[in-house]
Amino acid sequence: MELTDKERRLLALHYVFPVPLNRLGKLFEIDPDLDRLFTYHAKELAEIVNIPIAKALKLTENLQRNVDTPYDELYERHAIFPIPFTHSLYPEKLRLLIDPPAVLYTKGCLQLLTERRYIAIIGSRKATAYSKKALKLIVPPLVENNAVIVSGLAKGADAMAHEAALEYGGKTIAVLGHGFFHLYPKENAKLAAEIVEKQLMLTEYPPYMKPERWTFPMRNRIISGLSDAVIVTEAARKSGTMSTVEHALDHGKDIFTVPGPITSALSAGPNQLLDEGAKPIWSGFQIVETLAFDR
């Protein structure tokens, strides 16, 4: 995958300063092609990207130390394909975010970024057999109508969503909250390997970045940003799932939830969403009709 000189310079910057694109807005205004990237003084860079001078000193040192590092070639050795925001494969929907990823790091089938429909399926890490049963009714119609299932490769509902897409011969994208040199959770290693082989994994974090508490809420905006609609199976009233829903509402996406028994704590989240105006779902055909997949 050919990158321009500007995109290579962005990879160098993003490796040592992995922030969303909005944090780099002033830099691109001043230096659209990043021609001066390796010559900024720390004080100047601190002001441009709004960071403390101590951090800017470290940043300029790291940039100058790695001025000749061919990041794109190094990534290619690990079958990682970086997609800067300027690249033609970068998803248009992500450009609409307030804080788009500056770079997406991908592994697997890049063709999945050119599909027409994307549906996020999310839920609790403690999701029960009820989620699995619900997905048997929801996923096949989506697969039949060529929707790509998007989720976060977490335990529970996320893993079930990816597995259902694969089981029914569909396509799936796993969005990670860390770099590719780490895998979280380790229990999903086999599933991750299967996704990389024929589907797609992506992240906005360089390969060395470990999972942190703050990286997963950031990941959630990509899941909702990529998708045309979000389905919630099971979730507690306060959870990471509900944060993804908040992102989706901010992005104007349709929210579908699986109604659940009032005695289940994991149905409290979906039932609350229903009360707030989300659409109940018991079949994937409801989404096919609502989003007019045939148009």
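Residues numbered from 1 in each chain as written. Predicted model: local features only at pLDDT ≥ 70, side-chain atom pairs only at ≥ 80, totals over all residues. Heavy atoms only, no water.

**Student:** Sorry, what's going on with the side chain of serine 124 here?
**Tutor:** Position of serine 124 among the secondary structure elements: in the loop between strand E3 (117–122) and helix H7 (129–144). A relative accessible area of 12% places serine 124 in the buried class. The contacts of serine 124, once residues within four sequence positions are left out, are Lys155, Gly156, Ala157, Glu234, Ala235, Thr241 and Leu266. (Helix = DSSP H or I, 4+ residues; strand = E, 2+ residues; numbered from the N terminus. Buried < 20%, exposed > 50% of the residue type's maximum accessible area, 1.4 Å probe, protein only. Contact = heavy atoms within 4.5 Å.)

**Student:** Hey, could you run me through the sheet that holds E3 in this one?
**Tutor:** Paired through backbone hydrogen bonds, the strands of a sheet run either parallel or antiparallel to each other. Taking strand neighbours across the sheet as the criterion, the 9 strands line up as E1-E2-E6-E5-E4-E3-E7-E8-E9 in an open arrangement whose pairing is mixed. Edge positions in the sheet fall to strand E1 (81–84) and strand E9 (279–280), since each has one partner strand and no second. As paired elements, strand E4 (residues 147–151) and strand E5 (residues 171–175) share 4 bridges and run parallel to each other. Across the sheet, serine 151 pairs through a bridge with alanine 174, a residue of E5. Of the strands in this sheet, E3, E4, E5, strand E6 (200–203) and strand E7 (229–232) touch helix H10 (residues 215–226), which is tilted by about 155° from E5. (Pairing = 2+ DSSP bridges. Axes fitted to C-alpha atoms, helices over the stretch in contact; angles between N-to-C directions.)

**Student:** So what exactly am I meant to see when it comes to the nonpolar core here?
**Tutor:** It is characteristic of soluble globular proteins that their nonpolar side chains tend to be buried jointly. Formed by 68 residues in total, the largest nonpolar core has its most connected members in Leu24, Ile173 and Leu202. With 5 residues, the top contributor of residues to this core is helix H3 (residues 42–49). For isoleucine 173, the residues in contact, after removing those within four places along its chain, are Leu112, Tyr118, Val148, Ile149, Val150, Ser151, His162, Leu200 and Leu202. Of all hydrophobic cores here, the second largest spans 24 residues; its members include Leu135, Leu142, Ala164 and Leu291. (Core = buried A, V, L, I, M, F, W, Y, C linked by side-chain atoms within 4.5 Å.)

**Student:** Looking at this structure, I do not really get the pairing of E3. What am I missing?
**Tutor:** Walk down a regular strand and you will see the side chains alternate between the two sheet faces. Taken across its 6 residues, E3 has 6 buried, putting it largely inside the fold. Alternating positions in E3 separate into two faces, Arg117, Ile119 and Ile121 on one and Tyr118, Ala120 and Ile122 on the other, with burial throughout. Sheet topology places E3 next to E4; 4 bridges connect them, and they run parallel. Looking at E4, one finds that alanine 120 is bridged to valine 150.

**Student:** Before we go on, may I ask you to explain a negative patch on the surface in this structure?
**Tutor:** A cluster of acidic residues, Glu163, Glu167, Glu194 and Glu197, forms a negative patch on the protein surface. Elements represented by at least two residues in the negative patch include exactly helix H8 (157–167) and helix H9 (189–198). Mapping glutamate 197 onto the fold places it in helix H9. (Patch = residues over 30% accessible without salt bridge, like charges linked within 9 Å, V, L, I, M, F, W, Y side chains within 5 Å. Areas by Shrake-Rupley, 256 points an atom, 1.4 Å probe, with all protein chains shown as cover. Salt bridge = Lys/Arg side-chain N within 4 Å of Asp/Glu carboxyl O. Lys, Arg positive; Asp, Glu negative; His and termini not counted. Charge placed at Lys NZ, Arg CZ, Asp CG, Glu CD.)

**Student:** I keep staring at unusual backbone geometry and nothing clicks. Help me out?
**Tutor:** Trans peptide bonds make up the majority, and among non-glycine residues the majority have a negative phi. Omega for the bond connecting tyrosine 184 with proline 185 falls within 30 degrees of zero, at -5°, which places this linkage in the cis form. Structurally, proline 185 can be placed in the loop between E5 and H9. Backbone geometry places asparagine 50, a non-glycine residue, at a positive phi of 60°. By the secondary structure assignment, asparagine 50 is in the loop between H3 and helix H4 (53–65). Under the relative-accessibility criterion, asparagine 50 is labelled exposed at 67%.

**Student:** How should helix H12 (residues 268–275) be read in this particular structure?
**Tutor:** In an α-helix, one turn spans 3.6 residues; hence positions three or four apart end up facing the same way. Among all positions of H12, only Ala268, Gly269, Pro270 and Leu273 are buried. Where H12 is buried, its residues contact E7, helix H11 (240–250) and strand E8 (254–257). Two residues or fewer past H12, glycine 277 is found with a positive phi of approximately 115°.

**Student:** How do you make sense of the pairing of E4 when you look at a structure like this?
**Tutor:** For E4, a buried count of 5 out of 5 residues is recorded, marking the element as mostly surrounded by other parts of the structure. Burial of the side chains of E4 extends over both faces: Ala147, Ile149 and Ser151 are buried on one face and Val148 and Val150 on the other. This β-α-β element, E3 to H7 to E4, shows right-handed connectivity. Following the backbone out of E4, through H8 and into the adjacent parallel E5, one traces a crossover that is right-handed. (Right-handed = clockwise from strand over helix to strand, strands pointing away.)

**Student:** Help me understand the side chain of histidine 162 in this model?
**Tutor:** You can see histidine 162 is positioned in helix H8. Judged by relative accessible area, which is 0%, histidine 162 ranks as buried. Within polar-contact distance, the side chain of histidine 162 engages the backbone nitrogen of leucine 153 at 3.2 Å. Of the polar contacts made by the side chain of histidine 162, one reaches the side chain of threonine 172; its length is 2.8 Å. In this view, histidine 162 contacts Ser151, Gly152, Leu153, Thr172, Ile173, Ala174, Leu191 and Ile195; residues no more than four positions away in its chain are not counted. (Polar contact = N/O pair within 3.5 Å; in protein donor to acceptor, adjacent residues only side chain to side chain.)

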